[in-house]
Amino acid sequence: MTLVLTGPTPRDRAKTTFTTVTMLRLLRSPYVFLLLPVLFWAGNAVIGRAVVGEVPPFTLSFWRWVTASLILLPIGLPRLLAQRERLRGRWPVLLALAMSSVAAYNTLLYLALQTTTAINATLVGCSMPIVIIALSWLWLGESIHLRQGFGVVLSLLGVVLVGLAAALILAR
């Protein structure tokens, strides 16, 4: 019995090249970058729900932001240092905004995930653009443009459809 070892055929190489080229094009696509925040956001809720009872919400929020800061530090630090004169007198405002928005949002999300599902928590998050537009209209007197109105309607429609689908599943 003779064992003959051969390399990939030209057809196999063509498939590999096609797959590699396709993947490179996909990775360079702006649509992939538009999907990444949504995936990170949804993944945050799913992971937060998965560790309920294992990691306290404040601890999870703290380590999430430590990890994110370490990842973003090499990108952001040179820019922050370049703007340090502009930021010097404004750091209390920036700190207050960071603590009251991003850090508080995630901590409250992890607290909520102790009593609800990841889908319900992300539905609340989906309504955030609607709330922001409504509050900017009420408090700041900003007008709502056609594209913003379309986005509000689309966002509301998505929340309602997911809510109806969940209600239908539970009704079975």
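What you see is a predicted model; the values in this text were computed from it and never measured.

Each value, and the rule that gives it
- Residues numbered from 1 in each chain as written.
- Predicted model: local features only at pLDDT ≥ 70, side-chain atom pairs only at ≥ 80, totals over all residues.
- Heavy atoms only, no water.
- Helix = DSSP H or I, 4+ residues; strand = E, 2+ residues; numbered from the N terminus.
- Expected span 1.5 Å × (residues − 1).
- Bend = angle between axes of the 7 residues up to and from the residue.
- Buried < 20%, exposed > 50% of the residue type's maximum accessible area, 1.4 Å probe, protein only.
- Contact = heavy atoms within 4.5 Å.
- 1 Å grid on protein atoms, 1.4 Å probe; cavity = no way out; pocket = protein on both sides within 12 Å on 5 of 7 lines; lining within 4 Å.
- Points joined across faces, edges and corners; volume = space filled by probe spheres on them.
- Nonpolar A, V, L, I, M, F, W, Y, C, P; charged D, E, K, R; others polar.
- Axes fitted to C-alpha atoms, helices over the stretch in contact; angles between N-to-C directions.
- Left-handed = near helix turned anticlockwise from the far one by under 90°.

Draft legend 1. Looking closely at helix α5 (residues 91–112). Along its 22 residues, α5 runs 30 Å from first to last C-alpha, staying within 8% of the 32 Å computed at 1.5 Å per residue. Along its length, α5 shows its largest kink, about 40 degrees, at A104. The complete set of buried residues in α5 reads A103, N106, T107, L109 and Y110. Looking at the buried positions of α5, the neighbouring elements they touch are α2 (30–50), α3 (57–82) and α6 (118–126).

Draft legend 2. Seen up close, the layout of surface pockets. Of the volumes computed, that of the largest pocket is approximately 400 Å³. For the largest pocket, the lining is made up of 16 residues, of which F40, N44, R64, A68 and I71 are closest to its centre. For the lining of the largest pocket, the elements supplying multiple residues, two or more each, are α2 and α3. The biggest single contributor to the lining of the largest pocket is α3, with 8 residues. Each residue belonging to the lining of the largest pocket can be placed in one class, and the counts come to 11 nonpolar, 4 polar and 1 charged.

Draft legend 3. Molecular detail of the packing of α2 against α6. Running from N to C, α2 and α6 cross one another at 145 degrees; their axes reach a closest spacing of 9 Å. Seen from above, α2 lies across α6 with right-handed handedness. Residue-level inspection shows W41, A42, A45, V46 and R49 of α2 in contact with α6, the latter providing A118, T122, G125 and C126. Counted by class, the contact of α2 with α6 contains 6 nonpolar, 2 polar and 1 charged residues.

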